[in-house]
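Listed below are the residues making up each chain.
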Amino acid sequence: MSGWRLISETAKQKWGMSMEKNFRATSNSRNDAMFKEATGFAQHLRTVEKELNQWQRDIESSFGNIRNIMLSPLPRVYEEGHNGQAVPSEPEPTMVGGDVQVERLTTASAETKKRLDVEVIQPIKQWMVAYRTIAERMRRLEALRLELDSRRRTVADLQGKCERVRANLGTTRARGEVDMEITLRKMQHKEDKMQRTASQFQEMEQTVYNSLFTLIKDTSVLRDYAAAALLIINECFAAGYASFNMEQVQYSPTAGGVYPDSANKYDPKQLDRFSSQEQAKVVVTHDGSDQFYDYHQHQQFS
């Protein structure tokens, strides 16, 4: 199809630059509707893919920073020595992480990136490749539709010309018969081209429809990919947490500290020695000692 034919037909259909009031453009409505919604969905997938890539970078950066911090030395207490020089309380610095298995942080980050790529991002990219393929087919299909309509207009014009020549055969019969024959040959040639274009359009329209149908059916699995991404991220942080060997250490959210199993810990049963009225006035310290005091009495002395 020539560029001018495409531009001309586009102007006629888009801006109504045509004198043919009864002309009805060839429809591609079902593909247009499906492609429009698929395009909106593709925008969501681009956002999801972008966020997943950002998660990968954030986890890699965060776990790398935590690893570096765990391998850093703790500050030491210094005393002034006999010669005036500062002497550390410990001869060698202690690492922040202690027995933290820092290499497991690196492994967890790398494994998470790999799993997100294989199990989530790659399927999304495959869907986007299929979408872009269909987008290209839609452009070709639209050009074919415009070509078909342009050829339909040409054939309709020739049919009108034949009718006018036939109506004038009575007055200029000899000349009219020659014009009629020329016009009929030209119209036959244009009709053949129009029929071939119509067949091509119908074939491609069905192909695009089948592709869009499959593409749309595949969108239902996005829910599974989203769930898989969250599961992978959750397992990543669980693996990172496991590298700290926290099963050997207990955390007290009330006291706001961490202490080993051998330490004395706050026991709520200590309150059992008080009456219910006394319990309301008792504050228990959490340093392991049995120190209790009357809060209201303490406030009076304060």
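Note that the structure is a prediction, hence the values are computed from the model and not measured.

Student: So what exactly am I meant to see when it comes to helix α5 (residues 222–242) here?
Tutor: Side chains of residues three or four places apart in an α-helix project in the same direction, reflecting 3.6 residues per turn. With 21 residues, α5 should reach 30 Å at 1.5 Å per residue; the first-to-last C-alpha distance of 30 Å fits that figure. Taken together, the buried positions of α5 are occupied by L222, A229, I232, I233, C236 and G240. Along the axis of α5, the buried positions cluster into a sector of 95 degrees, meaning they face one direction only. Looking at α5, the residues exposed on the side facing more than 90 degrees away from the buried face are R223, L230, N234 and Y241.

Student: Is there a simple way to think about the pattern of salt bridges in this case?
Tutor: A side chain of one charge can pair with a side chain of the opposite charge if their charged atoms are brought near each other. Enumeration over the complete set of coordinates arrives at twelve salt bridges. A salt bridge links R115 to E119; the nearest nitrogen and oxygen atoms lie 3.0 Å apart. Placement of the pair is R115 and E119 together in helix α3 (residues 102–167), with a separation of four residues, close to one helical turn. Overall, R115 belongs to the partly exposed group, its relative accessible area being 21%. On the basis of relative accessible area, E119 is assigned to the partly exposed category, the value being 33%. With a closest N to O distance of 2.9 Å, E142 and R145 form a salt bridge. Here the residue E142 and the residue R145 both occupy positions in helix α3, the gap between them amounting to three residues, near one helical turn. With relative accessibility at 28%, the residue E142 sits in the partly exposed group.

Student: It is not clear to me how the nonpolar core should be interpreted in this structure. Could you clarify?
Tutor: Across soluble globular proteins, nonpolar side chains show a tendency to be buried alongside one another. With 37 residues, the main nonpolar core has W127 and Y131 as its most contacted residues. The greatest single-element share of this core, amounting to 16 residues, is contributed by α3. In this structure Y131 touches F35, A38, T39, A42, R46 and L215, once residues within four positions along its chain are discounted. Core analysis: the second largest hydrophobic core is formed by five residues, C162, V165, M180 and M187 among them.

Student: What should I look at first to understand the packing of aromatic side chains in this one?
Tutor: In this description, an aromatic ring pair is defined by two values, namely the gap between the centres and the angle between the planes. Overall, the coordinates contain five aromatic pairs when judged by the stated rule. Aromatic pair F35 and Y131: ring centres 5.5 Å apart, planes at 5 degrees, arrangement stacked. Residue F35 is located in helix α2 (residues 29–70), and its partner Y131 is located in helix α3; the two are separated by 96 residues in the primary sequence. Residue F35 shares its accessibility class with Y131, and that shared class is buried. Centre to centre, the rings of F41 and W127 are 5.3 Å apart; their planes meet at 65 degrees, and the pair counts as edge-to-face. A residue pair is termed long-range when its members are at least 10 positions apart, and F41 in helix α2 and W127 in helix α3 qualify at 86 residues. In terms of burial, F41 and W127 fall into one category: buried. Directly above the ring of Y209 sits R30, whose terminal nitrogen or CZ lies 3.8 Å from the centroid.

Conventions we followed
Residues numbered from 1 in each chain as written. Predicted model: local features only at pLDDT ≥ 70, side-chain atom pairs only at ≥ 80, totals over all residues. Heavy atoms only, no water. Helix = DSSP H or I, 4+ residues; strand = E, 2+ residues; numbered from the N terminus. Expected span 1.5 Å × (residues − 1). Buried < 20%, exposed > 50% of the residue type's maximum accessible area, 1.4 Å probe, protein only. Arc of directions from axis to C-beta. Salt bridge = Lys/Arg side-chain N within 4 Å of Asp/Glu carboxyl O. Core = buried A, V, L, I, M, F, W, Y, C linked by side-chain atoms within 4.5 Å. Contact = heavy atoms within 4.5 Å. Phe/Tyr/Trp six-rings, centres within 6.5 Å; stacked < 30°, edge-to-face > 60°. Lys NZ or Arg CZ within 6 Å of the ring centre and 35° of its normal.

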